[in-house]
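# Examination of the molecular architecture
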Amino acid sequence: MAASLPHIRLPPLPSIRDLVKLYRIRALKKLSQNFLMDERITDRIVKAAGHIRNHYVCEIGPGPGGITRSIIKQSPHKLIVVEKDARFLPTLEMLQEACKGYIKMDIEIGDIRSYNLEAGFAGAPKLGWFEAPPPVHLIGNLPFSVSTNLIIRYLQSVSEKNSAWSFGRTSMTLTFQKEVGERMIAPIMHKQRCRLSVMSQLWCEVNYKFTIPGSAFLPKPDVDVAVVTFIPKKYPLVDLPFKMVEKVLRNMFNMRQKYCIRGAERLFPEDMREYLGLKLLKLAEVPPTTRPFQISNEEFVRIFYAYKIICEEHHGIEDYDSRGPKLVNDEELEV
Ligand code: SAM
């Protein structure tokens, strides 16, 4: 990697507030656009991502470029910004011009959900899973609906070590609705514990870094915002197909306040529900009268493996899904 200056001093640029005014960019409700104007906050988000100097960074949803400026100041080797709304192209091109010669900045206008991260990070070193995390980072202040959906996709990629995780244990620094951030870190017995907590913690070290008050955004959202970092675990707690784990958790947390036997039974067709539900929990050594939020990550892992054993014993059970073959989406996560 070429050496770059310790910190880039950007030439005088109009403020984000002025740019938004200049280009008459009105926040679009359908894209849930809320912009950060305060450089101290955008600097803090980038600081939460750790050391990025000379590294490869992808910023998701740069909008008018507040966080982008803070990233550029830290002199990454390469910066890719992926923005769905083409109205931001001129403001992003202004930043691209300002850091020319120091940082290779690529602007992609499109949806992050169809962006090929592995191709974008091409050239970054591929490190082994047991080595330190690679010099590759994802940073983004996205609409809440997109970020929750995205983290599920990315957790699947972490579990399969593909996409940005073909480079090693790539870190993520993302924003969520405060309550969703709290769920992600919720330990056993916590009132916020849900399947998103277990899914996040099975594969990643999850850290709730800080809260950004809604008032820091323009326009102001109704809720406060959590800045959360994810670093993939060297030793994930489970080594089973993501979809299987997700299905077990979705059913187990289906009735949060009820005994977990109710959720366990839902994993099986009606004629064998009672018997296999009990067998599952017996194999996993989890009492049937435990409530889902009272189950530790380790106990859940025993439940996943017990489910696998039952699937191997009963042909066709693995394909059974009481709710049909539904992908995880945002509504579903709002349980
Ligand atoms: N990062 C900027 C900031 O902090 O001020 C803008 C944040 S705004 C909450 C979210 C940004 O993500 C918007 O610019 C929006 O157009 C963009 N966006 C929304 N959905 C997207 C998607 N699927 N892919 C890429 N960008 C998206």
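Residues numbered from 1 in each chain as written. Predicted model: local features only at pLDDT ≥ 70, side-chain atom pairs only at ≥ 80, totals over all residues. Heavy atoms only, no water.

## Some thoughts on the packing of aromatic side chains
Per the counting criterion, the structure on display carries nine aromatic pairs. Arranged with centres 6.1 Å apart and planes meeting at 70°, the rings of F176 and F230 form a pair that is edge-to-face. Of the two residues, F176 sits in strand β6 (residues 171-177) while F230 sits in strand β9 (residues 225-232), which places them 54 residues apart along the sequence. The same class applies to F176 and to F230, which are both buried. An angle of 20° between the planes, with centres 6.3 Å apart, marks the rings of F300 and F304 as stacked. Of this pair, F300 and F304 both sit in helix α12 (residues 297-313), four residues apart, which is roughly one turn of the helix. (Phe/Tyr/Trp six-rings, centres within 6.5 Å; stacked < 30°, edge-to-face > 60°. Helix = DSSP H or I, 4+ residues; strand = E, 2+ residues; numbered from the N terminus. Buried < 20%, exposed > 50% of the residue type's maximum accessible area, 1.4 Å probe, protein only.)

## What to know about the site of the ligand
Close contacts around the ligand come from 23 residues, with Q33, L36, G61, E83 and N141 the closest. Separating a nitrogen atom of the ligand from a side-chain N or O atom of D111 is a distance of 2.9 Å. I112 is positioned such that a nitrogen or oxygen atom in its backbone is 3.0 Å from a nitrogen atom of the ligand. Here the ligand, which alone exposes 600 Å², has 99% of that area covered by the protein. (Near = heavy atom within 4 Å. Polar contact = N/O pair within 3.5 Å; in protein donor to acceptor, adjacent residues only side chain to side chain. Areas by Shrake-Rupley, 256 points an atom, 1.4 Å probe, with all protein chains shown as cover.)

## Digging into the packing of helix α8 (residues 195-203) against α12
Relative orientation of the contacting elements α8 and α12 amounts to 90°, with a least axis distance of 11 Å. Between α8 and α12, the interaxial angle falls into the category roughly perpendicular. Across from V198, Q201 and L202 in α8, the residues of α12 making contact are N297, F300, V301 and F304. Grouping the amino acids of the contact of α8 with α12 by side-chain chemistry returns five nonpolar, two polar and no charged. (Axes fitted to C-alpha atoms, helices over the stretch in contact; angles between N-to-C directions. Parallel < 35°, antiparallel > 145°, perpendicular 65-115°, else oblique. Contact = heavy atoms within 4.5 Å. Nonpolar A, V, L, I, M, F, W, Y, C, P; charged D, E, K, R; others polar.)

## Thoughts on helix α3 (residues 66-73)
For α3, the buried fraction is high: seven of the eight residues fall into the buried class. All buried positions along α3 are accounted for by G66, I67, T68, R69, S70, I71 and I72. At the C-terminal side of α3, S75 shows a positive phi close to 50°.

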